[in-house]
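Residue-level listing of the chains:
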Amino acid sequence: MLELNINNETSRLQAVVLGSAISNGPIPTKDEVYDPKSLEHIMAGTYPQEPAMVLEMEAFNQVFLKYGVTVFRPELIANYNQIFTRDIGFVIGDTFIKSNILPDRERELDAIQYIIDQINPKKVVRPPAEVHIEGGDVMLWKDYIFIGTYKGSDYKDYITARTNLEGVQFIKNLFPNKIVKEFDLIKSKIEARDNALHLDCCFQPVGDNKGIIYKRGFREEADYLFLVNLFGAANLFHITRKEMYHMNSNVFSIDSNVVVSEKKFTRLNKWLRANGFTVEEIPYAEIAKQEGLLRCSTLPLIRK
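This section reports on the structure supplied with the text. (Residues numbered from 1 in each chain as written. Predicted model: local features only at pLDDT ≥ 70, side-chain atom pairs only at ≥ 80, totals over all residues. Heavy atoms only, no water.)

1. Overview of unusual backbone geometry
Selection rule: Secondary structure is summarised from DSSP: a helix means a run of H or I of at least four residues, a strand means a run of E of at least two, and numbering begins at the N terminus for each.
Of note, Asn 79 is a non-glycine position whose phi angle comes to about 55°, a positive value. Here Asn 79 is to be found in the loop between β2 (70–72) and β3 (89–92).

2. Thoughts on the sheet that holds strand β15 (residues 298–303)
Quick note on the threshold: Only when DSSP finds a minimum of two bridges between them are two strands counted as paired. Throughout, an axis means a line fitted to C-alpha atoms (over the contacting stretch in the case of helices), and angles, computed between N-to-C directions, take values from 0 to 180 degrees.
Sheet architecture is open: 3 strands sit in the order β2-β1-β15, paired in mixed fashion. A single partner strand is all that each edge strand has here, and the edge strands are β2 and β15. Geometrically, the sheet is characterised by an average inter-axis angle of 20° between neighbouring strands, direction not taken into account. In the sheet, strand β1 (residues 13–18) pairs with β15 via 5 bridges, with the strands oriented antiparallel. Looking at the pairing, Val 17 lines up with Leu 299 of β15.

3. Some details on the packing of aromatic side chains
In plain terms, the rule: Only the six-membered ring of Trp is used, alongside the rings of Phe and Tyr, when aromatic pairs are assigned; centres must lie within 6.5 Å, and planes under 30 degrees apart are stacked while those over 60 apart are edge-to-face, with the rest tilted. Exposed residues in this analysis have more than 50% of their type's maximum accessible area, buried residues have under 20%, and partly exposed residues fall in between, with area computed by a 1.4 Å probe over protein chains only. Remark: a charge is flagged as sitting over a ring if the NZ atom of Lys or the CZ atom of Arg is within 6 Å of the ring centre and within 35 degrees of the ring normal.
Overall, the coordinates contain 15 aromatic pairs when judged by the stated rule. With centroids separated by 5.6 Å and ring planes inclined at 75°, the aromatic side chains of Phe 203 and Phe 231 adopt a geometry described as edge-to-face. One end of the pair, Phe 203, is in strand β9 (residues 203–206); the other, Phe 231, is in helix α6 (residues 221–231), and 28 residues separate them in sequence. The pair Phe 203 / Phe 231 is uniform in exposure class, with both members buried. Taken together through their ring pairs, the aromatic side chains of Trp 141, Tyr 144, Phe 146, Phe 183, Phe 203, Phe 218, Phe 226 and Phe 231 make up a single cluster. In this arrangement the basic side chain of Lys 37 is found over the ring face of Tyr 245, its NZ or CZ atom lying 4.4 Å from the centre.

4. Brief notes about helix α1 (residues 36–44)
In plain terms, the rule: Any two residues whose heavy atoms approach within 4.5 Å at even a single point are treated as in contact. A 3.5 Å cut-off defines polar contacts: any pair of N or O atoms within that distance qualifies, except that in protein one atom must be a possible hydrogen donor and the other a possible acceptor, and neighbouring residues in sequence count only when both atoms are side-chain atoms.
Considered for burial, the residues of α1 that qualify are Pro 36, Lys 37, Ser 38, His 41 and Ile 42. Check the buried side of α1 and you find it contacts α7 (241–245). Where α1 begins, the capping side chain belongs to Asp 35, and its oxygen is found 3.1 Å from the backbone nitrogen of Lys 37. In the segment just after α1, Gly 45 is the residue with positive phi, at about 75°.

5. Let's talk about the pattern of salt bridges
Which entries qualify depends on this criterion: For this analysis, a salt bridge means a side-chain nitrogen from Lys or Arg found within 4 Å of a carboxyl oxygen belonging to Asp or Glu.
As enumerated under the stated definition, the model contains 20 salt bridges in all. Notably, a salt bridge pairs Asp 184 with Arg 219, separated by 3.0 Å at the nearest N-O pair. Taken together, the residues span a long stretch of sequence, with Asp 184 in strand β8 (residues 179–184) and Arg 219 in the loop between β10 (210–213) and α6 at a distance of 35 residues. On the basis of relative accessible area, Asp 184 is assigned to the buried category, the value being 3%. Close ionic contact of Glu 221 with Lys 215 constitutes a salt bridge, the shortest N to O distance being 3.5 Å.

Right under this line is the structure:
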């Protein structure tokens, strides 16, 4: 049995599900994509090719192996995008929560069922149908569960709005001893530079007391100020609109002092190193064209 244990974003990783770009399928049509960044690259003829994405994911896998992490991969679905495992489920404490994702992505959950079968079934939860929640919107930090959401009355019109207030309430009910704090995120169906698809597109903790943040990713300045007050302004690395577009906040922590980052994130990587982090740089810019990066590609199962 897998003894799940995830209580933060940064302690030593022991087991993770890493997505796969093998047999990723043809370039989708503009009517098939969910996010404005993918659409932008389809229209420009720059949508990522499978061989490049496979190489990028293998580079990520090699970093995990370097640090002795047990890596699970989804079972292959031919001609299908299985890169972003963070969307399909997440772990809080010792509980695996299946996401209520877009209906035509349900097969992605089936592809990791062999992993879920290794978990105590009493610790596997599926929210009711009215609850929308995805792993990219859920972050653990000390006594807090941070959740990205969208509070606009036009929620149903935004396919980029992935976690609703019912999802926030579901987590509050499931974990009454945690402080659940929701953040109202900026969404756009047409401009990727103004679309925080998930919370990890505009914020992520690193180390014991630091974080990466994009101020304009939050619809309410009070939500941004909450994080500034909680972490301290000196402990936050503020990214620009362009850096947010390239997914600078979507790095991944293997340990409290080890961060996997895209090799082109020059300014961020310099800051991380100046603050005592070991930065494992890998190429991931092709996968980033689908509005997801390193955190999106992972589903952590066990941290020390």
